[in-house]
Amino acid sequence: ALLWDSERHSIVSNESIHILRGLDAVQAGHGLDWTLSPDNLADEIDALADRIQRELSNAVYRAGKARRQDVYDEAVEEVFATLDMLDAWLAETRYLHGAALTETDLRLWPTLARFDAVYHGHFKCTRRRLADHAHLWAYARDVLSLPGVAATFDESAIRAAYYGEDRDLNPFGIVATAPELDWLASHERERLGSLSVTMR
């Protein structure tokens, strides 16, 4: 993610959490009465998001870029312990913090969107696919079905960027065959509650 100042022709931020929280704060000043970061969930959001970032989103890179077996093994253990934890968590609740969509859901989704396409094969996180985690896989499809999310997802571009441009791991730029996944299959997560956002 990148936030660009079109008047000054400069980067404001390339840190996705700062951009997300900044946009959430700006919308509050323009009369929108919902938030992805409710005050009553601030500590829970930060704690879970930090764990996901450290033990999943960063851990897939530590696994994929590892130059020693022990570093790879440790990173892969973190990845799959976190996926298993999230899968169990999402068996009971529609979104990560209950019935309401929060920033944590939107921060997790890009990692899930890339998992089977890239992290599973290219980064050697091959123990299980995202699609092998029933609740997490349905959740990923649920988030994809939200207005505007699908427009941000181009699996072929993701695969081309990782496989085609990462010449350290893939010196010939061969793009592996995509897994056969139906991202548009019914997720049936409405049974856990309807979509909502937290009002300010």
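Residues numbered from 1 in each chain as written. Predicted model: local features only at pLDDT ≥ 70, side-chain atom pairs only at ≥ 80, totals over all residues. Heavy atoms only, no water.

1. Examining the overall build of the protein
Across its full length, the protein carries six helices and four strands. Secondary structure elements of the protein, listed N to C terminal, follow the sequence β-β-α-β-α-α-α-α-α-β. A compact globule built from 200 residues would reach a C-alpha radius of gyration of about 16 Å, and the protein, at 18 Å, matches this within 12%. When its C-alpha atoms are laid out on the principal axes, the protein stretches across 50 × 45 × 30 Å. When each of the 200 residues of the protein is scored for burial, the buried share is 44%. Contacts in the protein between residues far apart in sequence, at least 24 positions, make up 69% of those at least 6 positions apart. Split by element, the accessible area of the protein, about 10900 Å² in all, is 53% carbon and sulfur. (Helix = DSSP H or I, 4+ residues; strand = E, 2+ residues; numbered from the N terminus. Rg over C-alpha atoms; globule rule 2.2 N^0.38 Å. Buried < 20%, exposed > 50% of the residue type's maximum accessible area, 1.4 Å probe, protein only. Contact = heavy atoms within 4.5 Å. Areas by Shrake-Rupley, 256 points an atom, 1.4 Å probe, with all protein chains shown as cover.)

2. Focus: helix 2 (residues 42–64)
Across its 23 residues, helix 2 extends 32 Å between first and last C-alpha, which sits within 8% of the 33 Å expected from 1.5 Å per residue. Its maximal kink placed at Asn58, helix 2 deviates by approximately 40 degrees. For helix 2, the complete set of buried residues consists of Ile45, Leu48, Ala49, Ile52, Glu55, Leu56, Ser57, Ala59, Val60, Ala63 and Gly64. (Expected span 1.5 Å × (residues − 1). Bend = angle between axes of the 7 residues up to and from the residue.)

3. Quick look at empty space enclosed by the protein
Per the counting criterion, the structure on display carries one cavity of 30 Å³ or more. The computed volume of the largest cavity comes to approximately 40 Å³. In terms of lining, the largest cavity is formed by Ala49, Ile52, Gln53, Ser57, Thr104, Arg107 and Leu108. Among the secondary structure elements, those contributing two or more residues to the lining of the largest cavity are helix 2 and helix 4 (103–119). In terms of residues, the lining of the largest cavity owes the most to one element, helix 2, which gives four residues. By residue class, the composition of the lining of the largest cavity is three nonpolar, three polar and one charged. (1 Å grid on protein atoms, 1.4 Å probe; cavity = no way out; pocket = protein on both sides within 12 Å on 5 of 7 lines; lining within 4 Å. Points joined across faces, edges and corners; volume = space filled by probe spheres on them. Nonpolar A, V, L, I, M, F, W, Y, C, P; charged D, E, K, R; others polar.)

4. Section: the pairing of strand 2 (residues 10–13)
Across three bridges, the pairing between strand 1 (residues 3–5) and strand 2 is antiparallel. Bridging from a neighbouring strand, Asp5 pairs with Ser10 of strand 2. Between the antiparallel neighbours strand 1 and strand 2 lie four residues, among them His9 with a positive phi of about 55 degrees. (Pairing = 2+ DSSP bridges.)

5. What to know about the packing of aromatic side chains
Scanning all chains against the criterion turns up 12 aromatic pairs. Between Trp109 and Phe153, the ring centres sit 5.5 Å apart and the planes meet at 80 degrees, which makes this aromatic pair edge-to-face. Residue Trp109 is located in helix 4, and its partner Phe153 is located in the loop between helix 5 (134–144) and helix 6 (155–165); the two are separated by 44 residues in the primary sequence. Where Tyr119 meets Phe123, the ring centres are 5.5 Å apart and the plane angle is 20 degrees; that geometry is what we call stacked. These aromatic residues form a ring-pair network of at least three members: Tyr61, Phe80, Phe115, Tyr119, Phe123 and Tyr162. (Phe/Tyr/Trp six-rings, centres within 6.5 Å; stacked < 30°, edge-to-face > 60°.)

6. Describing the pattern of salt bridges
For side chains of opposite charge, pairing can occur when their charged atoms come near one another. By the definition in use, this model includes 11 salt bridges. Its salt-bridge partner being Glu55, residue Arg54 comes within 3.2 Å of it at the nearest N-O pair. The salt bridge partner of Asp142 is Arg189, with a shortest N-O separation of 3.9 Å. With Asp142 in helix 5 and Arg189 in the loop between helix 6 and strand 4 (198–199), the pair connects residues that are 47 residues apart, well separated along the chain. On the basis of relative accessibility, which here comes to 0%, the residue Asp142 falls in the buried class. By relative accessible area, which is 1% here, Arg189 ends up buried. (Salt bridge = Lys/Arg side-chain N within 4 Å of Asp/Glu carboxyl O.)

7. Quick notes on helix 3 (residues 69–89)
Under the 1.5 Å per step criterion, the end-to-end length of helix 3 is 30 Å for 21 residues, consistent within 8% with the ideal 30 Å. Those residues of helix 3 that are buried lie in contact with helix 2, helix 4 and helix 5.

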